[in-house]
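Residue strings, one per chain:
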Amino acid sequence: MGRLNYDQAIAEISLILQTAGYDCETVNEVFQISAIKGNKCVIVLCSDDIDALQRFDMTPYSINLDGSKVPCDKIIFSGNVSFRPKNSVFWTLEKLLTIIFKVSLYVLLQLF
């Protein structure tokens, strides 16, 4: 597999989260996307760097929402298919394409 286009992946993942009702921001620091919906937080890292993947996976992230500390769910998107996170959801290119297809189908079916 060639080099993944992470800018495109970030845009697509943001659209998926927005379709699910999340408010998204591009962060460009430790992780690329921060998404909030009600009292839920999701953060997304897009990288192939094993050190960055491990650090992100093992670090607990939280946000203060309405005065309460809320843990963030984590998604890792990577072309490094050998990486196995312990504390994050892992998306490969194939998984992302499957989700894009399902979201697109869902949106299309809402039109009819």
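Nothing here was measured: the structure is a model prediction, and the numbers come from that model.

Caption draft 1: Focus on the environment of Val-27. Looking at the secondary structure, you find Val-27 in the loop between strand E1 (23-26) and strand E2 (33-37). Residue Val-27 is classed as partly exposed on the basis of its relative accessible area, which comes to 25%. Not counting residues up to four positions away in its chain, the partners in contact with Val-27 are Gln-32, Ile-33 and Ser-34.

Caption draft 2: A look at the nonpolar core. In this structure, Ile-13, Leu-17, Val-44, Cys-46, Phe-77, Trp-91 and Leu-96 are the most contacted members of the largest nonpolar core, which totals 18 residues. In this view, Cys-46 contacts Tyr-6, Ile-10, Ile-13, Gln-32 and Phe-77; residues no more than four positions away in its chain are not counted. Grouped together as the second largest cluster of nonpolar side chains are 11 residues, Cys-41, Ile-43, Leu-45 and Phe-83 included.

Caption draft 3: Spotlight on helix H1 (residues 6-19). Along its 14 residues, H1 runs 20 Å from first to last C-alpha, staying within 8% of the 20 Å computed at 1.5 Å per residue. If you follow the buried residues of H1, they end up packed against E1, E2, strand E3 (40-46), strand E5 (68-77), strand E6 (89-91) and helix H3 (93-110). One or two residues past the end of H1 sits Gly-21, with phi positive at roughly 95 degrees.

Caption draft 4: Spatial organisation of unusual backbone geometry. For Asp-66, which is not glycine, the phi dihedral falls at a positive 50 degrees. Among the structural elements, Asp-66 can be located in the loop between strand E4 (62-65) and E5. Classification of Asp-66 as exposed rests on a relative accessible area of 85%.

About the cut-offs
- Residues numbered from 1 in each chain as written.
- Predicted model: local features only at pLDDT ≥ 70, side-chain atom pairs only at ≥ 80, totals over all residues.
- Heavy atoms only, no water.
- Helix = DSSP H or I, 4+ residues; strand = E, 2+ residues; numbered from the N terminus.
- Buried < 20%, exposed > 50% of the residue type's maximum accessible area, 1.4 Å probe, protein only.
- Contact = heavy atoms within 4.5 Å.
- Core = buried A, V, L, I, M, F, W, Y, C linked by side-chain atoms within 4.5 Å.
- Expected span 1.5 Å × (residues − 1).

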